[in-house]
Amino acid sequence: MLYYLLLLAAGALQGVMVSLNAQLGNYYSMFAICFFVHGIALILLLAFLLARKTDLRFRGAPWYVYLVGVFGIAIVASSSWCTLKLSAGVMLAISTAGQIISSQLIDQFGLFGMPVQKFRARQLPGYVLLAAGVALVVLGT
């Protein structure tokens, strides 16, 4: 139950985050927003590493895991820009649909070292409801 509550809180914070990033877009460029977001994360990471007296180890990981930084920049920039042009609700509805679709493909084929979790027909109503929900949010604005 704790994991579900943490994920619910993370989702709520994501809604706040994209709205704040969009507001930054009223004052700064997309590059500056990415700099703020990732610069602050870097400072927090370095503070954590110094406090724990731990070094970063970049050994043994597959090459593609390092793309996470590129994806992070793309997500921050596109979500900030789209939120300004559309709305936080529309951006998060469409974004959530994209996350669920890509996650299902990753699970289906075991991409990036994830365990294979095949699509089951009983999941189909969830995908239909997702599509209907996204359509209602997008068309309702």
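Data block above holds the structure.
Let us look at the structure shown here.

What counts as what
- Residues numbered from 1 in each chain as written.
- Predicted model: local features only at pLDDT ≥ 70, side-chain atom pairs only at ≥ 80, totals over all residues.
- Heavy atoms only, no water.
- Phe/Tyr/Trp six-rings, centres within 6.5 Å; stacked < 30°, edge-to-face > 60°.
- Helix = DSSP H or I, 4+ residues; strand = E, 2+ residues; numbered from the N terminus.
- Buried < 20%, exposed > 50% of the residue type's maximum accessible area, 1.4 Å probe, protein only.
- Polar contact = N/O pair within 3.5 Å; in protein donor to acceptor, adjacent residues only side chain to side chain.
- Contact = heavy atoms within 4.5 Å.
- Axes fitted to C-alpha atoms, helices over the stretch in contact; angles between N-to-C directions.
- Parallel < 35°, antiparallel > 145°, perpendicular 65-115°, else oblique.
- Left-handed = near helix turned anticlockwise from the far one by under 90°.
- Nonpolar A, V, L, I, M, F, W, Y, C, P; charged D, E, K, R; others polar.

### Notes on the packing of aromatic side chains
Here is step 1 of the chain: A full pass over the atoms with the stated rule returns five aromatic pairs.
Here is step 2 of the chain: Consider the rings of Trp 63 and Tyr 64, whose centres lie 5.8 Å apart with planes at 85°: the pair is edge-to-face.
Here is step 3 of the chain: Taken together through their ring pairs, the aromatic side chains of Tyr 28, Phe 35 and Phe 36 make up a single cluster.

### What about unusual backbone geometry?
Here is step 1 of the chain: The phi dihedral of Lys 53 is positive, around 55°, even though this residue is not glycine.
Here is step 2 of the chain: Note that Lys 53 resides in the loop between α2 (30–52) and α3 (68–85).

### Thoughts on the side chain of Ser 80
Here is step 1 of the chain: Take Ser 80: it is sitting in helix α3.
Here is step 2 of the chain: Using a relative accessible area of 0% as the deciding quantity, one classes Ser 80 as buried.
Here is step 3 of the chain: Within polar-contact distance, the side chain of Ser 80 engages the backbone oxygen of Val 76 at 2.7 Å.
Here is step 4 of the chain: Ignoring sequence-local partners within four residues, the contact set of Ser 80 consists of Asn 21, Ala 22, Met 30, Ile 33 and Ile 75.

### Some details on the packing of helix α4 (residues 88–109) against helix α5 (residues 124–139)
Here is step 1 of the chain: Contact geometry for α4 and α5: axes closest at 9 Å, N-to-C directions at 160°. The angle between α4 and α5 places the two elements in the roughly antiparallel class. Read as a crossing pair, α4 and α5 show a hand that is left-handed. Of α5, the residues touching α4 (which contributes Gly 89, Val 90, Ala 93, Ile 94, Ala 97, Ile 100 and Gln 104) are Tyr 127, Leu 130, Val 134, Val 137 and Val 138.
Here is step 2 of the chain: For the contact of α4 with α5, the class distribution of residues is 10 nonpolar, two polar and no charged.

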